[in-house]
Amino acid sequence: MASRNQGSAPRALVVEDIKVDCLILMHMLHKLNCEATAVENGKEAVDLFLERKTFDIVFSGKDMPIMSGPEAVAKIRTMGATEVKIIGVSADFGAQEAFMQAGADVFVPKPVKLETLQSMLEVVISKKNMSG
Amino acid sequence: MAAAALREQLNALLSSMFASGLVDDQFQQLQMLQEDGGTPGFVAEVVTLFCDDADRIISELAALLEQPIVDFDKVDAYVHQLKGSSASVGAQKVKFTCMQFRQLCQDKNRDGCIMALAVVRNEFYDLRNKFQTMLQLEQQIQAQQ
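Keep in mind the model is a prediction, meaning the values are calculated, not measured.

Definitions and cut-offs
- Residues numbered from 1 in each chain as written.
- Chains lettered and ligands numbered in written order.
- Predicted model: local features only at pLDDT ≥ 70, side-chain atom pairs only at ≥ 80, totals over all residues.
- Heavy atoms only, no water.
- Pairing = 2+ DSSP bridges.
- Helix = DSSP H or I, 4+ residues; strand = E, 2+ residues; numbered from the N terminus.
- Axes fitted to C-alpha atoms, helices over the stretch in contact; angles between N-to-C directions.
- Contact = heavy atoms within 4.5 Å.
- Buried area = accessible area lost by both parts, 1.4 Å probe.
- Salt bridge = Lys/Arg side-chain N within 4 Å of Asp/Glu carboxyl O.
- Polar contact = N/O pair within 3.5 Å; in protein donor to acceptor, adjacent residues only side chain to side chain.
- Nonpolar A, V, L, I, M, F, W, Y, C, P; charged D, E, K, R; others polar.

Q: Would you explain the sheet that holds strand S4 (residues 85–90) of chain A in this entry?
A: Pairing between the strands of a sheet is mediated by backbone hydrogen bonds and can be parallel or antiparallel. Residues and elements named next belong to chain A. Read across the open sheet, the five strands follow the order S2-S1-S3-S4-S5; overall the sheet is parallel. Edge strands, defined here as strands with exactly one partner in the open sheet, are strand S2 (35–39) and strand S5 (106–109). Taking each pair of neighbouring strands and ignoring which way they run, the sheet shows an average axis angle of 20°. Here five bridges tie strand S1 (residues 11–15) to S2, and the two strands are oriented parallel to one another. For Ala12, the partnering residue across the bridge sits in S2 and is Ala36. Running over the sheet, helix H2 (residues 42–50) touches S1, S2 and strand S3 (57–60) and is turned about 150° from S1. Packed onto the sheet, helix H4 (residues 95–102) meets S3, S4 and S5 and runs at close to 155° relative to S5.

Q: Mind showing me how you'd approach the interface of chain A and chain B here?
A: Accessible area lost upon the coming together of the parts is a frequently used measure of interface size. If you look at the interface, chain A gives 19 residues, while chain B gives 23 residues. Approximately 1,800 Å² of surface area, both sides summed, lies buried where chain A meets chain B, with 68% of it carried by carbon and sulfur atoms. Among the residues chain A hides against chain B, the three largest losses belong to A:Val20, A:Leu23 and A:His27. Together they make up 31% of the total. At the junction of chain A with chain B, the criterion picks out one salt bridge. When the shortest N-O distance is used, the salt bridge between A:Lys113 and B:Asp25 registers 3.8 Å. Counting across the chain A and chain B interface gives five residue pairs in polar contact (both at pLDDT 80 or more). Counting residues per element, the ones that place at least two in the side of chain A that touches chain B are helix H1 (19–31) and helix H5 (114–130) of chain A. At eight residues, H1(A) tops the list of elements feeding residues into the side of chain A that touches chain B. Tallied by class, residues from the side of chain A that touches chain B come to nine nonpolar, two polar and eight charged.

See below:
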């Protein structure tokens, strides 16, 4: 896996097929000075990791066509991407167990608040600064 | 009409939307994201996308519920999607009606689902009308500036 980009803007990956949710999350991440990339399903997310793209944080929806969020999370962790912070996001509270079992770091119910995103990014940023 | 009067109309509309529970603080968060980020048109883009999506989902639900054998898993998946996007834009009433709808899906209650769809549709149409008026007023205010 290529070395992480330390000391620069956090790189976020949004895995979400619902366009409205994706638009809002991307806007929030740009507002928080993230370099954000969006894909529409779990398989596209896994493909990015297979291409050795690196991210500091991943926000994944649950139910998506082709590959679900938890399935993608499990594959990403199996590939050895253990340091990337993965956040499961869903309007379904029952999704928490599926995400955590797959290897997500935390579950956040929709709608995601800007303040919540900011708190998570602060953890990522401080980790980047410590390892820099 | 002068910009000030239009602004007053817009504020009154927004106040009534919040007061009636049509939208909640998530919608306010979207407005703040637009203002703080200096991104005019963000709310319009979100609202338009939501309405297009919701319209499509409601049509799909109607078609599914017309089938002789209803696939409640598919119905539930669509309602879940609509509930999620409603929550994301702050469409509180639509969100609540979706929660009720989901319960009826899980009960595999066809007649209940048909009634729930009617409720969701009505709440959505009401919201969409208000959003359309909101966007028209914003455009008129912009045109005056």
